[in-house]
Amino acid sequence: MNTSAERGGVDFLKFFSDRAAVANYADGPRRFLPGFDALHAMTSILLAERAPADARVLVLGAGGGLELKALASAHPGWSFVGVDPALPMLEVAERTLGPLMSRVELVQGYIDDAPKGPFDAATCLLTLHFLDAATRARTVRAIHDRLKPGAPFVAAHSSFPQNPSSRPAWLERYAAYAVASGVDPQQAAGARDSVANNLDLFDQEKDEDILRDGGFSDPEMFFAAFTWRGWVAHA
């Protein structure tokens, strides 16, 4: 497997492969993403609209295990395959899940390493923004191809206006929320600069086009929080 191609040329594994850095991962997303826990609750509701009581669910970008724990706790009949390239993050997921691991299979790798399915539902939360357009499009298509017809897919990631007149203001809001949530201002500024330097972030319209081009029908945006967006679509 060509990992640099899978990453879209971005070495996002550097942080997530550092065991010391990911030890306190559970605190991080809540400080940078408004409504983090509500996003998981809404994802659970949206998947359950079409997924059966005994659904098999694909979770891409499962490291940390937070969404797996939320979904497994809400739906005791569901089983899961969680895929993530960073082994330390999968180790965190295993500890996070505890006894819920009996219904979860964890796979180290990328979408091509996931079972072919077909799955009853899928999620990809806080992950696709690490990939360039071509890799993201291929990943979305590969998720689609692993789903049963009509199965729900929930995606959420960094997505906000990219025109030069608006982008800086949204980046400042991203950092300001982190500071308001208790993040050190210098750390928040560093995170803002990292996001600012990512040239593979897109606005809502482009992200929805990627979902459609990947085979998903009628993507609906259900979540918007500063620089974050979330959609539900169907295979």
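As the structure is a computational prediction, the values presented were derived from the model and not from experiment.

> Lay out the side chain of Thr127 in plain terms, naming residues and giving numbers.
Structurally, Thr127 is set in the loop between strand S4 (121–125) and helix H8 (133–145). Every residue in contact with Thr127, bar those within four places of it in the chain, is listed here: Leu60, Gly61, Ala156 and His157.

> So, the pattern of salt bridges: which residues are in play, and what are the values?
Pairing between side chains of opposite charge can happen when their charged atoms approach one another. Per the counting criterion, the structure on display carries nine salt bridges. Across the salt bridge formed by Arg138 and Asp112, the nearest N and O atoms sit 3.2 Å from each other. Remark: Asp112 occurs in the loop between strand S3 (104–108) and S4 and Arg138 occurs in helix H8; sequence separation between them is 26 residues. A residue is classified by how much of its surface remains accessible, and Arg138, at 35% relative accessible area, is partly exposed. Exposure remark for Asp112: the relative accessible area of 39% places this residue in the partly exposed category. The shortest N-O distance in the salt bridge between Lys148 and Asp120 comes to 2.8 Å. A residue pair is termed long-range when its members are at least 10 positions apart, and Lys148 in the loop between H8 and strand S5 (152–158) and Asp120 in the loop between S3 and S4 qualify at 28 residues. Because the salt bridges share partners, they merge into one network encompassing Glu172, Arg192 and Asp193.

> Please give an account of empty space enclosed by the protein that cites residues and values.
Tallied over the entire structure, the rule returns one cavity of 30 Å³ or more. Lining the largest cavity are Leu128, Arg136, Val140, His157, Asp207, Ile210, Leu211 and Trp231. Elements supplying a minimum of two residues to the lining of the largest cavity: H8 and helix H11 (204–213). Counting residues per element, the lining of the largest cavity draws most heavily on H11, at three residues. Its residues assigned to classes, the lining of the largest cavity comprises five nonpolar, one polar and two charged.

> Summarise the packing of aromatic side chains; cite the residues concerned and give the values.
Taken as a whole, this structure holds five aromatic pairs when the rule is applied. Ring geometry for Phe153 and Phe216: centres 4.8 Å apart, planes at 25°, overall stacked. Of the two residues, Phe153 sits in strand S5 while Phe216 sits in the loop between H11 and strand S6 (217–225), which places them 63 residues apart along the sequence. The pair formed by Phe153 and Phe216 is uniform in burial state, with each residue classed as buried. Ring centres of Tyr174 and Trp228 lie 6.4 Å apart, and the angle between their planes is 45°; on these two criteria the pair is classed as tilted. Here the residue Tyr174 occupies a position in helix H9 (residues 167–180), and Trp228 occupies one in strand S7 (residues 228–234), the gap between them amounting to 54 residues. Assigned by exposure class, Tyr174 and Trp228 land together as buried. By way of ring pairs, the aromatic residues Phe32, Tyr174 and Trp228 are connected into one cluster. The positively charged end of Arg173 is found above the aromatic ring belonging to Trp170, 4.5 Å away from the centroid. A cation over a ring is seen here: Lys206 above Phe202, with NZ or CZ 5.8 Å from the ring centre.

The rules behind the values
Residues numbered from 1 in each chain as written. Predicted model: local features only at pLDDT ≥ 70, side-chain atom pairs only at ≥ 80, totals over all residues. Heavy atoms only, no water. Helix = DSSP H or I, 4+ residues; strand = E, 2+ residues; numbered from the N terminus. Contact = heavy atoms within 4.5 Å. Salt bridge = Lys/Arg side-chain N within 4 Å of Asp/Glu carboxyl O. Buried < 20%, exposed > 50% of the residue type's maximum accessible area, 1.4 Å probe, protein only. 1 Å grid on protein atoms, 1.4 Å probe; cavity = no way out; pocket = protein on both sides within 12 Å on 5 of 7 lines; lining within 4 Å. Points joined across faces, edges and corners; volume = space filled by probe spheres on them. Nonpolar A, V, L, I, M, F, W, Y, C, P; charged D, E, K, R; others polar. Phe/Tyr/Trp six-rings, centres within 6.5 Å; stacked < 30°, edge-to-face > 60°. Lys NZ or Arg CZ within 6 Å of the ring centre and 35° of its normal.

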